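One-letter residues, chain by chain:
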Amino acid sequence: MAGYYRAPLTRVEPVMGTVVSLSVLAGSPSSEHALGAIDEACGLLHELDSTFSTWVEHSPMSRYRSGEIALAEAPGELAEVLACCEHARALSRGWFDPWAMPGGVDPTGLVKGWAVERCLDLFRRRGITAALINAGGDVGVLGEPSPGQPWRVGIRHPWREDALARVILSQVAVATSGHYERGFQLIDPFSGELSCSVASATVTGPSLALADALATAAAVAGPAALEIVTGIEGYEAYLILLDGTELLSEGLSAARASSTGP
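A quick note: this is a predicted structure, and the numbers were derived from the prediction, not measured.

(A) Here's a closer look at the overall build of the protein chain. Helix and strand content of the protein chain: 6 helices and 11 strands. Considering the protein chain as a whole, with its 262 residues, one finds that 50% of them fall into the buried category. Counting every atom, the protein chain has about 12100 Å² of accessible surface; 52% of that belongs to carbon and sulfur.

(B) Summary view of helix α3 (residues 76-91). Its 16 residues place the ends of α3 23 Å apart at the C-alpha level, agreeing with the 22 Å of an ideal helix rising 1.5 Å per residue. Of the residues making up α3, those classed as buried are Leu 78, Val 81, Leu 82, Cys 85 and Ala 88. Burial along α3 is one-sided: seen end-on, the buried residues are contained in an arc of 115°. Facing away from the buried side of α3 by over 90 degrees, the exposed positions are Gly 76 and Ala 90. Positive backbone phi, at 60°, marks Arg 93, one or two positions downstream of α3.

(C) Spatial organisation of the packing of aromatic side chains. One pass over the structure, following the stated rule, counts 2 aromatic pairs. Between the aromatic rings of Phe 52 and Trp 114, the centroid separation amounts to 5.7 Å while the plane-to-plane angle is 70°, which identifies the pairing as edge-to-face. You can see Phe 52 sitting in helix α1 (residues 31-52) and its partner Trp 114 sitting in helix α4 (residues 108-125), a full 62 residues away along the chain. Ring centres of Trp 95 and Phe 190 lie 4.8 Å apart, and the angle between their planes is 80°; this geometry places the pair in the edge-to-face category. Of the two residues, Trp 95 sits in the loop between α3 and α4 while Phe 190 sits in the loop between β7 (173-178) and β8 (198-205), which places them 95 residues apart along the sequence. What makes Phe 190 exposed here is its relative accessible area of 53%.

Criteria and cut-off values
Residues numbered from 1 in each chain as written. Predicted model: local features only at pLDDT ≥ 70, side-chain atom pairs only at ≥ 80, totals over all residues. Heavy atoms only, no water. Helix = DSSP H or I, 4+ residues; strand = E, 2+ residues; numbered from the N terminus. Buried < 20%, exposed > 50% of the residue type's maximum accessible area, 1.4 Å probe, protein only. Areas by Shrake-Rupley, 256 points an atom, 1.4 Å probe, with all protein chains shown as cover. Expected span 1.5 Å × (residues − 1). Arc of directions from axis to C-beta. Phe/Tyr/Trp six-rings, centres within 6.5 Å; stacked < 30°, edge-to-face > 60°.

Here's what the structure looks like:
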């Protein structure tokens, strides 16, 4: 088909504490052009990682958290991301609250999705029209995998490594949070204690940054998150509770998947 590669051009990049897979399917005059755009996107991810890392002592984020610099002295991206966090905190009714984290404000639950969106913006500027970026379960898409077809995003089963719990048909962002490999790492912003009310929480919507934050919130809030998420225009949720019960918001387009795919 004109304008589409026979197979996606993909790069897997360890960055931001996870593994990011960048795949370009179409929209470039040559594979060299697409690979160049992928290289640029990887460079951008590393640049943003060096800005927002809370583990690197001298990153702008760490220096801001410690009070060494004011927000006005930090790179402009910090103010932009923290404004997004304020918005997500309000929409999540406080279940997503980077200011309630130990050690100071921590935008980790939103910044990965935000960074993927910056990479998709870069792809658009480079003339890419179909791409998918998966940053450790936060999936942002551009265009369509083929004309008139939605993307098929697999949600990993929380207890079966070789299986998918569902395949979500999506033309928007898909973010998943839960304990998976890292165990119970999420903090209840109201109690300050480690908490995770679900095995897996997935949120879809127009913005991956907000979907990322809402998935983090949903993993802590549990079933109450369905009402919160669906009260935001364009967003839907899919939860797997700790006992295996599945909760799916009414407007979400999804299909059951097996270990070998649907």
